[in-house]
Amino acid sequence: MHGYEGHKDDLLKRLRRAEGQVRGIARMVDDDKYCIDILTQVSAVTKALENVALSLLDDHLSHCVAEAAAQGGPVAEEKLKEANQAIARLVRS
């Protein structure tokens with residue numbers, strides 16, 4: 001079971017909303033809308049996706065990494081390394 005299983009529906013709802021925002025941005029470009037208005041919407045969808053990512057990261061740390069840490073050994077080391085890499089990717093984006 002994945003850590004996000006308890007609120008999978010909420011994550012899917014957020015992702016569908018972001019998907020709709022992206023389609024709206026494409027329509028704005030197609031309709032030659034003002035650049036700043038488009039950038040405002042890009043910023044909003046970026047923030048929405050960041051929130052999804054942070055939620056997934058929190059789930060991963062509190063479920064997958066916590067379980068691996070309890071087991072110890074190479075499994076724990078691998079999960080911690082994986083979590084560090086995920087955090088680094090989020091920070092760089």
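Placed above this text is the structure.
These numbers come from a predicted model, not from an experiment. (Residues numbered from 1 in each chain as written. Predicted model: local features only at pLDDT ≥ 70, side-chain atom pairs only at ≥ 80, totals over all residues. Heavy atoms only, no water.)

Novice: Help me understand helix 3 (residues 73-92), please; the structure alone is not making it clear to me.
Specialist: Structural remark: α-helix, 3.6 residues per turn; residues separated by three or four positions point the same way. If you check helix 3, its first and last C-alpha atoms are 29 Å apart, about what 20 residues at 1.5 Å a residue would give, namely 28 Å. Every buried residue of helix 3 is listed here: Ala-76, Ala-83 and Ala-86. Looking down the long axis of helix 3, one finds its buried residues gathered within 90° of arc, a one-sided arrangement. Along helix 3, exposed side chains directed more than 90 degrees from the buried face belong to Pro-74, Glu-77, Asn-84, Arg-89 and Arg-92. Considering only its buried residues, helix 3 is in contact with helix 2 (35-71). (Helix = DSSP H or I, 4+ residues; strand = E, 2+ residues; numbered from the N terminus. Expected span 1.5 Å × (residues − 1). Buried < 20%, exposed > 50% of the residue type's maximum accessible area, 1.4 Å probe, protein only. Arc of directions from axis to C-beta. Contact = heavy atoms within 4.5 Å.)

Novice: I tried to follow the pattern of salt bridges on my own but got confused; where do I start?
Specialist: It is possible for side chains bearing opposite charge to pair when their charged atoms get close. Within this structure, the stated rule accounts for 3 salt bridges. For Glu-19, the salt bridge identified is with Arg-23, shortest N-O distance 3.5 Å. Placement of both Glu-19 and Arg-23 in helix 1 (residues 8-30) is noted, with a separation of 4 residues, approximately one turn of the helix. Among the residues examined, Arg-23 registers a relative accessible area of 46% and is labelled partly exposed. A salt bridge links Lys-79 to Glu-82; its shortest N-O distance comes to 3.7 Å. Of the two residues, Lys-79 and Glu-82 both sit in helix 3, 3 residues apart, roughly one turn of that helix. Residue classification places Lys-79 among the partly exposed positions, given a relative accessible area of 26%. Exposure remark for Glu-82: the relative accessible area of 32% places this residue in the partly exposed category. (Salt bridge = Lys/Arg side-chain N within 4 Å of Asp/Glu carboxyl O.)

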